[in-house]
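Structural characterization, general
Next come the chains, spelled out residue by residue.
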Amino acid sequence: MNPFRNTPPEVLEQENENFDEEHHSDPVQPDLTKGTQVPNANPNADKSTKPVKSGNFKNLYQQGTEMYMKMFFVDGHPEHSSVIHDRKIVLGSFADDQYETFTKNISLTHNLLNNGSALFCTVFSQNPIKGSFASVVSEPDGKNHFHECLPLVVYKLQKKFIEKQNLITGEYEKPDLSVQAATESADLEIISFWKPNVTLSLVDEFKVYNPNQLPPQLKQHFRFYKDGRSYFPITYYNEFWLLSENLMPINDTLDSLPLTISLEPLSEMKFLLYEQFSQSMEMQRSFGSSDKDIDDVKMMLIETNPILLGVTIVVTLLHTVFDVLAFKNDISYWKNKKSMVGMSVRSIFMNTFSQIIVFLYLLDNDTSFMILISVGVGIFIEFWKITKAVNVKFDNSKAIPW
């Protein structure tokens, strides 16, 4: 039985970690994504070391340091972990042997079927890593080892399947049965989705920073050693290219969940570009862009030739400018118009009606938010023209105040 059936939609406003902590029937689970200690950890460990306000920051390890790396799959609780992969790496090296991609199949557990959480955790150490994940992280991160984790499960509100008909061919679109099977129960059900891809990058960042010169893109990724002057190597889980359509609904029709892991070092410049793009996408989302709009932009970056992409950006900017100028000239013309001599009132009404039909058609086909704005503004201008062309009055004393 799904514990999230009939959960109200406002639950979605919480972070994924908080969602599982409040609603899952298992005991409260610790947040291990940023080195937080598990239960029974050293009570004297400093869990929130802050940088000093004076002096310089430097990396805790030197460039070229050879380290052991072990990857774990954590099924809800650190005690329930299994080793995925282990190997050696060299910090700051871009040699061919530092790149690796492989796929593992994760068995579907009771915890995952019941909307439980799961983490992908990586431990780095200068010495061979022994023992389970829980035993490793029972000690605070320091010079001996450090670790970073990534949630593998995200929660989304199910969407009703809407059968759509192609107006040209008359054929109906067939649903994706795998997605529908996970979302065909009650309305407003929260379902869990699996991230099938994990890209792990160690950023080539070994600079010495002054506290007042720390780049804002790096600030949120810095974790400091207990001395407050040394920062751990930046471990970056790159999810920029993870699209919503890549997420897999977790249900009992599956026996296992695929997990493709890519290990690749990342230069500071590329890291800053990824961060800048990610922040821009989040800003667009806050302005009302949907996940589909964000994914469309990413797909364009993936599939389009760079030269053609540059031309497309220029044309899009010009189109936006011309749209604004057209609206401005249209409003200016009708604002100064004193009579309707030579103008057809019927054509104004027909044009308004036609634009409403176009807007509804675009809205039904999940068109880009930016296009809908342009068409919507055009409709408001057409309504405004009607008030200039005919005498529109409202009479509240009648049944229909028009």
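As a starting point, this report considers the structure included with it. (Residues numbered from 1 in each chain as written. Predicted model: local features only at pLDDT ≥ 70, side-chain atom pairs only at ≥ 80, totals over all residues. Heavy atoms only, no water.)

Some points on the overall build of the chain
In terms of helices and strands, the chain carries ten helices and 14 strands. Taken over 402 residues, the chain has a buried fraction of 38%. Taking all contacts inside the chain whose residues are at least 6 apart in sequence as the whole, residues at least 24 apart take part in 77%. Of the roughly 24,100 Å² that the chain leaves accessible, carbon and sulfur atoms contribute 55%. (Helix = DSSP H or I, 4+ residues; strand = E, 2+ residues; numbered from the N terminus. Buried < 20%, exposed > 50% of the residue type's maximum accessible area, 1.4 Å probe, protein only. Contact = heavy atoms within 4.5 Å. Areas by Shrake-Rupley, 256 points an atom, 1.4 Å probe, with all protein chains shown as cover.)

Brief notes about the packing of helix 9 (residues 345-364) against helix 10 (residues 369-389)
Two numbers describe how helix 9 lies on helix 10: the axes approach to 9 Å, and their chain directions differ by 160°. By the criterion of interaxial angle, the relationship of helix 9 to helix 10 is roughly antiparallel. Considering only the axes of helix 9 and helix 10, their crossing is left-handed. In this structure, helix 9 contributes Val-345, Ile-348, Phe-349, Asn-351, Thr-352, Gln-355, Ile-356, Phe-359, Leu-362 and Leu-363 to the contact, and helix 10 contributes Ile-371, Leu-372, Val-375, Gly-376, Gly-378, Ile-379, Glu-382, Phe-383, Lys-385, Ile-386 and Ala-389. Looking at side-chain class alone, the contact of helix 9 with helix 10 contains 14 nonpolar, five polar and two charged residues. (Axes fitted to C-alpha atoms, helices over the stretch in contact; angles between N-to-C directions. Parallel < 35°, antiparallel > 145°, perpendicular 65-115°, else oblique. Left-handed = near helix turned anticlockwise from the far one by under 90°. Nonpolar A, V, L, I, M, F, W, Y, C, P; charged D, E, K, R; others polar.)

Focus on the sheet that holds strand 8 (residues 190-194)
Ordered by their spatial adjacency, three strands build an open sheet running 7-8-12, and the pairing between neighbours is antiparallel. The outermost strands of the open sheet, each flanked by one partner alone, are strand 7 (153-157) and strand 12 (248-249). In the sheet, strand 8 pairs with strand 12 via two bridges, with the strands oriented antiparallel. If you follow Phe-193 over to strand 12, its bridge partner there is Pro-249. (Pairing = 2+ DSSP bridges.)

Some words on the nonpolar core
Formed by 34 residues in total, the largest nonpolar core has its most connected members in Ile-84, Leu-112, Phe-120, Trp-194 and Leu-259. Excluding residues that lie within four positions of it along the chain, Phe-120 makes contacts with Met-71, Phe-72, Ile-84, Glu-148, Cys-149, Leu-150, Leu-152, Val-198, Tyr-237, Leu-259 and Ile-261. Val-203, Tyr-209, Leu-266 and Ile-294 belong to the second-largest nonpolar core, a separate cluster that totals 16 residues. (Core = buried A, V, L, I, M, F, W, Y, C linked by side-chain atoms within 4.5 Å.)

Comments concerning the state of the cysteines
Under the criterion given, the structure shown has one disulfide. Residue Cys-121 pairs covalently with Cys-149 via a disulfide, S to S 2.1 Å. Here Cys-121 and Cys-149 share a disulfide; its torsion about the S-S bond, 115°, makes the bridge right-handed. Placement of the pair is Cys-121 in strand 5 (residues 119-125) and Cys-149 in strand 6 (residues 145-151), with a sequence separation of 28 residues. (Disulfide = S-S within 2.5 Å.)

So, the pattern of salt bridges
Tallied over the entire structure, the rule returns ten salt bridges. With its nearest N and O atoms 2.9 Å apart, the salt bridge here joins Glu-100 to Arg-87. Here Glu-100 is found in strand 4 (residues 100-107), whereas its partner Arg-87 is found in strand 3 (residues 81-90), with 13 residues between them in sequence. Measuring nitrogen to oxygen at the nearest pair gives 3.1 Å for the salt bridge that ties Lys-385 to Glu-382. Within this pair, Lys-385 and its partner Glu-382 are both found in helix 10, separated by three residues, close to a single helical turn. Like Lys-385, the residue Glu-382 is buried in the burial classification. (Salt bridge = Lys/Arg side-chain N within 4 Å of Asp/Glu carboxyl O.)

Observations concerning the sheet that holds strand 3
Spatially, four strands are ordered 3-2-5-6 in an open sheet, and the strand pairing comes out antiparallel. Both outer strands of the open sheet, strand 3 and strand 6, are each paired with one neighbouring strand and no more. For this sheet, the mean angle separating the axes of adjacent strands, direction not counted, is 20°. Bridge analysis of strand 5 against strand 6 gives seven bridges, and the strand direction is antiparallel. Paired with Phe-120 across the strands is Leu-150, a residue of strand 6.

A look at the packing of aromatic side chains
Counting across every chain of the model gives 17 aromatic pairs. Residues Tyr-61 and Phe-146 carry aromatic rings whose centres are separated by 5.8 Å and whose planes lie at 40° to one another, so their mutual orientation is tilted. Highlighted residues: Tyr-61 in the loop between strand 1 (58-59) and strand 2 (66-74) and Phe-146 in strand 6, separated in sequence by 85 residues. Residue Tyr-61 is classed as buried on the basis of its relative accessible area of 4%. (Phe/Tyr/Trp six-rings, centres within 6.5 Å; stacked < 30°, edge-to-face > 60°.)

A word on the pairing of strand 3
In this structure, strand 2 lies alongside strand 3, joined through nine bridges in antiparallel fashion. Its bridge partner lying in strand 3, Met-71 is registered against His-85. What sits between strand 2 and strand 3 in their antiparallel hairpin is a turn of six residues, with Gly-76 showing a positive phi close to 85°.

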